[in-house]
Amino acid sequence: MPPFAGSNPFSYGFHQESNSSIVTIDVGGQLFQTTKQTLALAGSKSLFSKISNSNETIPFIDRDPEIFSVLLSLLRTGNLPSKAKAFDIQDLIFESQFYGVENLLVNSQSDPSQFDAFNLEKSLVLPLSGRDSPSAISTTQYGSLHVAHGSKISSFDWALQRKSTILTQFTAIDSLLALSPKTAAAGATDFSGLQIIDLDKGFVKDTLNWENVTRSGSTVQAIGSSPEYLFTSFESGRRNSNCIMVYDLNDNLRPVAEIGHYEIFGAELDSAIPSTKLQWISSRNLLMASGSHSGPSGVSGNIRFWDIRSGNVVWELKEKSDCFSDVTVSDSLSSMFKVGVNTGEVFFMDLRNMGADNSWVCLGDGRKVIKGKKEGFGSKVESHGNQVFCSKGGDIELWSEVQAGTITTREGGLQDRVFRRNLMGRAKDMGGSRITNLDFGGNKMFVTRTDQQCVEVWSSGRV
């Protein structure tokens, strides 16, 4: 308990001029001077605000003066000084909570605007309990992390300190989505229902189900979200129907709509493919849903863009030749990217003319496919900010657009766009086991690999 809990948080010593903007503070016997304007940046509910409003005397605070100086620098600049590296992050968190400025500490350490893609390198490894490798990961905006491994979910706070590990009803978790730092949605392809789990207390708050016309149970194939809605791709237990359910995040997960409901008859392969990736495209208010299937004739799939208000497909692509291993949409670049399952190449499609006769453009060297070999099998592609990240085996490629002048030609057509590739990390970070998950939170990237009981944290090394 703080030394002055339930009482005035500081005692008084020397007189201080009430009409001065300069404030003197005695912390642990060391005097600090700052301005009322600086202290006001901490917010009205902080201890700094109380100090600022104390005009009669110099307040004395019985705390560590060295950490206080770090937090005062944080107030002045919005960033931690280099000397902050000398302190354990938990000590900084504890003191920031005491002074009421933890939100400023979070912003300085996990501000998404400080994400520096070109300087990312592996900086930390988060070990997981047990023998299971991570099957799914999910992050919050400021870098809290949830990891599914086996039947367990482990949670880490924004400072990447382990908060909890809970046991779930699943044998293995295939889909995981962070709804908050304390709550996640989880599902599996062999267990009915989408579970909403309280990760602090370890109990199921709610279970969401979908039933087809035969009223059979359904398993979860993918989860996605927008600021307003939770999206879940279900497939019936008999695998003869599938759909995407839309739930209202602001109204106790009330079902809002059922879209893409397909009942499978005969050999209608396209209808038999459930969506295994859901991504909200905020600039267009559309939901991208993709899924693929491997059969005797190769891998085929489809990509659909749904208007959830009308329940209609706005645009659909059917993939047969070099179908995607993974696909993502970059809102910032108004583009869609895929990794070809056969070639392993990255392809891009301009979405500024959505609905037109668009075609994929290969960004690589157009390698020839070796018969029977799937170079892109298991590859992942994700977009974050203005960059696109693609895993190939154990390596990560970073693709960025090179600005080459105006976008529109005189004839009104779109000028060719140029993307360049960079391999990420230092030499010792290259290679290793195949990458299974890529995700982003705060100013960091999180990576998991096959047969590794840990999560890699990639950061730019900023203080």
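Since we're looking at a predicted model, the values are computed, not measured.

J.: Hey, could you run me through the sheet that holds strand 30 (residues 435-441) in this one?
T.: Two orientations exist for strands paired in a sheet by backbone hydrogen bonds: parallel and antiparallel. The strand order across the open sheet formed by 4 strands is 5-32-31-30, and the pairing between neighbours is antiparallel. Strands at the two margins of the open sheet, each flanked by one partner only, are strand 5 (121-127) and strand 30. Here the strands of the sheet are splayed against their neighbours by 25° on average, with no regard to which way each runs. In terms of strand pairing, strand 30 meets strand 31 (residues 444-449) through 6 bridges, oriented antiparallel. Across the sheet, the residue bridging to Ile 435 is Arg 449, located in strand 31.

J.: Please explain a positive patch on the surface as it appears in this structure.
T.: A surface patch of positive charge is lined by Lys 163, Lys 182, Lys 201 and Lys 205. Positionally, Lys 182 belongs in the loop between strand 10 (175-178) and strand 11 (183-188). Accessibility expressed as a relative area gives 49% for Lys 182, which makes it partly exposed.

J.: So what exactly am I meant to see when it comes to the pairing of strand 19 (residues 286-295) here?
T.: On a regular strand, one side chain projects to one face of the sheet and the next to the other, so that they alternate. Two strands pair when backbone bridges link them, and strand 18 (residues 277-281) and strand 19 are joined in this way by 5 bridges, in the antiparallel orientation. Its bridge partner lying in strand 19, Ile 281 is registered against Leu 286. A loop of 4 residues connects strand 18 with strand 19, the two strands running antiparallel in sequence, and Asn 285 in this loop sits at a positive phi of about 55°. Where strand 19 lies against strand 20 (residues 298-307), 9 bridges are found, and the strand directions are antiparallel. Each bridged residue has a counterpart across the sheet, and for Leu 287 the counterpart in strand 20 is Trp 306. Counting the residues between successive antiparallel strands, the hairpin from strand 19 to strand 20 contains 2 residues.

J.: Explain the pattern of salt bridges here, please?
T.: Where charged atoms from two side chains of opposite charge approach closely, those side chains can pair. As enumerated under the stated definition, the model contains 16 salt bridges in all. Its salt-bridge partner being Arg 304, residue Glu 316 comes within 3.1 Å of it at the nearest N-O pair. Here Arg 304 lies in strand 20 and Glu 316 lies in strand 21 (residues 312-319), a separation of 12 residues in the sequence. For Arg 304, a relative accessible area of 6% gives the class buried. Among the ionic pairs, Arg 417 bridges to Asp 350, the shortest N-O distance being 3.1 Å. Here Asp 350 lies in strand 24 (residues 346-350) and Arg 417 lies in the loop between strand 28 (395-402) and strand 29 (418-423), a separation of 67 residues in the sequence. A relative accessible area of 15% places Arg 417 in the buried class. Exposure remark for Asp 350: the relative accessible area of 14% places this residue in the buried category. Among the charged side chains, a salt-bridge network with shared partners connects Asp 350, Arg 352, Glu 401 and Arg 417.

Calculation rules
Residues numbered from 1 in each chain as written. Predicted model: local features only at pLDDT ≥ 70, side-chain atom pairs only at ≥ 80, totals over all residues. Heavy atoms only, no water. Pairing = 2+ DSSP bridges. Helix = DSSP H or I, 4+ residues; strand = E, 2+ residues; numbered from the N terminus. Axes fitted to C-alpha atoms, helices over the stretch in contact; angles between N-to-C directions. Patch = residues over 30% accessible without salt bridge, like charges linked within 9 Å, V, L, I, M, F, W, Y side chains within 5 Å. Areas by Shrake-Rupley, 256 points an atom, 1.4 Å probe, with all protein chains shown as cover. Salt bridge = Lys/Arg side-chain N within 4 Å of Asp/Glu carboxyl O. Lys, Arg positive; Asp, Glu negative; His and termini not counted. Charge placed at Lys NZ, Arg CZ, Asp CG, Glu CD. Buried < 20%, exposed > 50% of the residue type's maximum accessible area, 1.4 Å probe, protein only.

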